Amino acid sequence: MSRTYGGRRKSRRPKKTGESKTVDEIVRELRKNISPASNYRERSLSIHGLICAKCGREFNNNNRHLLTVHHKDGNHRNNPPDGSNWENLCVYCHEDEHSRELLGDYLSGKEGDGTSP
Ligand SMILES: [Zn+2]
Ligand SMILES: [Zn+2]
C-alpha cells in the first residue's frame with residue numbers, strides 16, 4: 001500500500017499593490033529628479049569656486065561661462081549634491097580632458113579591425 005495523497009492546495013493570487021500611478025504623476029516625478037541635476041553647474045561652481053581645477057586659472061562673474069563642470073567618472077547623471085563627482089575645468093582643459101579620453105578609448109579599444117592579412 002502506498003499513499004500518494006497530497007493535501008496541497010494551490011491558493012496563489014497575483015498581488016495587487018493597490019497603487020496606480022497616472023502618467024501625470026510619473027512625469028512629475030521624473031521632472032523632480034531631473035531639475036536638480038540640470039542645475040549642477042551652478043552648484044559645482046559655488047562648491048568648488050570659480051577656478052579651474054587643472055590649470056588654476058581664476059574666473060569671475062564676467063567670464064564664468066568659460067568655466068565648465070567636468071564629471072570625474074564621466075557619468076553626467078551622477079550628480080552627488082556634495083560635488084564629489086564634479087570638477088571645475090576651463091573650456092580648454094575640459095576639451096583637453098575629453099580629447100585624451102577619446103584618444104585613450106581609440107588606442108586601447110578597437111584595433112586589428114580589417115587590417116589582418
Ligand atoms: Zn584650465
Ligand atoms: Zn567633462
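Throughout what follows, the structure given in this document is the object of discussion. (Residues numbered from 1 in each chain as written. Chains lettered and ligands numbered in written order. Predicted model: local features only at pLDDT ≥ 70, side-chain atom pairs only at ≥ 80, totals over all residues.)

As for the overall build of the protein
Part 1: Helices and strands together make up the secondary structure of the protein, namely 3 helices and 2 strands.
Part 2: Helices and strands in the protein line up, N terminus first, as α-α-β-β-α.
Part 3: Burial status across the protein gives 9% buried among its 117 residues.
Part 4: Across the protein, contacts joining residues at least 24 apart in sequence account for 53% of those joining residues at least 6 apart. (Helix = DSSP H or I, 4+ residues; strand = E, 2+ residues; numbered from the N terminus. Buried ≥ 20, exposed ≤ 12 C-beta atoms within 10 Å, placed from the backbone. Contact = placed C-beta atoms within 7 Å.)

Observations concerning the nonpolar core
One recurring pattern in soluble globular proteins: nonpolar side chains tend to sit buried together.
Part 1: The biggest cluster of nonpolar side chains holds 5 residues, and these are C52, L67, L89, C90 and C93.
Part 2: For L89, the contacting residues outside a window of four places in its chain are C52, A53, K54, T68, H70, H94 and E97. (Core = buried A, V, L, I, M, F, W, Y, C linked by C-beta atoms within 7 Å.)

Quick look at the environment of H94
Part 1: Tracing the backbone through its elements, the reader meets H94 in helix α3 (residues 91-108).
Part 2: Look past the residues within four positions of H94 in its chain and what remains in contact with it is T68, H70 and L89.

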